[in-house]
Amino acid sequence: MANKWVLPLILSLFIAVLSLAAAAKPVLPPVFILGDSTADIGTNNLLPGSTARADFPHNGIDFPNSPRATGRFSNGLNSADFLAFWLQEKSKALSLSATSLQKKKFRGINFASGGSGLFDLTGQTMMNRNVPFGASLNNQKNVVPLTEQIQQFSSVKNNLTALMGAAATKKFLSKSLIFISIGSNDLFRYYHSNSSTPKEKFLSSLLFAYENHLKNLYNLGARKFGIISVAPIGCCPSQRIFNATGGCLEELNDHAVAFHSKLDSLLCKLSTDYEGFKYSLGNSYEMTMNVIQNPLPFNFTQVEAACCGAGKLNAESYCTPNANLCSNRDQYLFWDLFHPSQAASKLAAETLYYGGPEYVSPINFAQLAEA
């Protein structure tokens, strides 16, 4: 963790936990968010060499109160924001910045980094626009891999222990919620690399990596896991343009379905093998396909093209200040060639929080918070 941005981060964490130690016992559970661009709220802004960034227009055009490009891959908020709002009684979004963390009560931290994956190499160099991001510049860090995000979580634990003591920290972390949204970039990388590794072998290695990450978090004291699986990424505008019919890339979608199935089995096993391990698994694939196949009840009129971009389906370039921009953004499922719009993110978070077992199981995120 030798990055230039880590020291300010740890200092801000120390300030936050100091405030926590002096505060009354919190009523609501803290929230820690890890993952990729589906949950990133600006982490990669702090990586000077990263190309996996969204801190420029038209991103953030609908950000509440003060429209601006925050680093979210969205026209406004993402699902992590909405989940944090509901779980924290509509408090401010979680952040990595010292300004946001210097509060009277520690609410949690968002570690998510756009472009990251379950494998450490995912996102550090990308091949072309078939996958979300370009290669890093000057050999500098492009993303913060999940391994390093967990190391940052470990630093939080160490600071808490120094200020609260081991017993209080153990109790604090056991009640915290750990949300993880990751895996898409690993699948993109595998599919577009034309790897000779058989699909089953690749998925097994991917789930092995996920299992190790979850065990590491468990060993650090985490007990409640809200896991968001991979959406039908073959239906992203960026992938549709490689289908002559404009339809989804079904092989890529098949990877997402298989990933979810294996992840479901893994979480069930961990909840049996590890005392106190509780989880909710959001089926992003079914949630999203339900909207794509029946958009009007959800107030979407466009589920194939991106709102911001250029070329066919607005999916032949990223969302930049010179890109085409739709006016009816709340009616678009996709903000850019890869990411959901703010309206879609809100719907997804609402489903994760309140949804039934067809979309989130064995309990939803609201029930997980109370478990």
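Throughout what follows, the structure given in this document is the object of discussion. Not measured: the values here are computed from a predicted model.

Their axes nearest at 10 Å, the elements helix α6 (residues 184-192) and helix α9 (residues 250-273) cross at an angle of 135°. Classified by the interaxial angle, the pair formed by α6 and α9 is oblique. Seen along the crossing, α6 lies across α9 with a hand that is right-handed. Residue-level inspection shows Leu 187, Phe 188, Tyr 190 and Tyr 191 of α6 in contact with α9, the latter providing Glu 251, Leu 252, His 255, Ala 256 and Phe 259. A per-class count over the contact of α6 with α9 returns seven nonpolar, one polar and one charged.

A word on the pattern of salt bridges. Taken as a whole and assessed by the stated rule, the structure comprises eight salt bridges. The shortest N-O distance in the salt bridge between Lys 141 and Glu 148 comes to 3.3 Å. Here Lys 141 falls in the partly exposed class, since its relative accessible area comes to 25%.

Below, the discussion takes up the state of the cysteines. Tallied over the entire structure, the rule returns three disulfides. Across the disulfide from Cys 235 sits Cys 248; the S-S distance is 2.0 Å. On the S-S bond that ties Cys 235 to Cys 248, the torsion sits near 105°, and the link is right-handed. With Cys 235 in the loop between β4 (224-228) and α8 (237-240) and Cys 248 in the loop between α8 and α9, the pair connects residues that are 13 residues apart, well separated along the chain. The disulfide partner of Cys 307 is Cys 326, and the S-S distance across this bridge is 2.0 Å. One quick way to see it: the torsion about the S-S bond of Cys 307 and Cys 326 is about -100°, and its sign makes the bridge left-handed. Highlighted residues: Cys 307 in the loop between β6 (302-306) and β7 (308-309) and Cys 326 in the loop between β8 (324-325) and β9 (332-334), separated in sequence by 19 residues. According to the relative accessible area criterion, Cys 307 is buried, its value standing at 1%. Of the residues examined, Cys 326 reaches a relative accessible area of 9% and is grouped as buried.

For strand β5 (residues 278-282), a buried count of four out of five residues is recorded, marking the element as mostly surrounded by other parts of the structure. Pairing geometry for β4 and β5, over five bridges, is parallel. Of the residues in β5, the one forming a bridge with Phe 225 is Tyr 279. Alignment of β5 against strand β10 (residues 360-361), held across two bridges, turns out to be antiparallel. Opposite Gly 282, over in β10, you have Val 360 as the bridge partner.

The next thing to look at is unusual backbone geometry. Cis geometry is found at the peptide bond from Pro 57 to His 58, where omega equals 5°. Here His 58 lies in the loop between β1 (31-35) and α2 (79-87). Residue Ser 361 is joined to Pro 362 through a cis peptide bond whose omega torsion reads 0°. As for its placement among the helices and strands, Pro 362 is situated in the loop between β10 and α12 (365-370). One non-glycine residue, Leu 313, lies in the positive phi region at around 55°. Take Leu 313: it is sitting in the loop between β7 and β8. Positive phi is not limited to glycine here, since Asn 314 has a value of about 55°. When its relative accessible area of 14% is taken as the criterion, Asn 314 is described as buried.

Take the nonpolar core next. Core analysis: the biggest nonpolar cluster contains 63 residues, and Tyr 210 and Phe 259 have the highest contact counts within it. Per-element tally for this core: the top contributor is helix α7 (residues 199-219), with nine residues. Not counting the four nearest positions on each side in its chain, Tyr 210 is found in contact with Leu 118, Ile 180, Ile 182, Ile 227, Phe 259, Leu 263 and Leu 266. Counting 24 residues, the second-largest nonpolar core is a separate cluster that includes Val 31, Ile 33, Phe 82 and Val 360.

Criteria and thresholds
Residues numbered from 1 in each chain as written. Predicted model: local features only at pLDDT ≥ 70, side-chain atom pairs only at ≥ 80, totals over all residues. Heavy atoms only, no water. Axes fitted to C-alpha atoms, helices over the stretch in contact; angles between N-to-C directions. Helix = DSSP H or I, 4+ residues; strand = E, 2+ residues; numbered from the N terminus. Parallel < 35°, antiparallel > 145°, perpendicular 65-115°, else oblique. Left-handed = near helix turned anticlockwise from the far one by under 90°. Contact = heavy atoms within 4.5 Å. Nonpolar A, V, L, I, M, F, W, Y, C, P; charged D, E, K, R; others polar. Salt bridge = Lys/Arg side-chain N within 4 Å of Asp/Glu carboxyl O. Buried < 20%, exposed > 50% of the residue type's maximum accessible area, 1.4 Å probe, protein only. Disulfide = S-S within 2.5 Å. Pairing = 2+ DSSP bridges. Core = buried A, V, L, I, M, F, W, Y, C linked by side-chain atoms within 4.5 Å.

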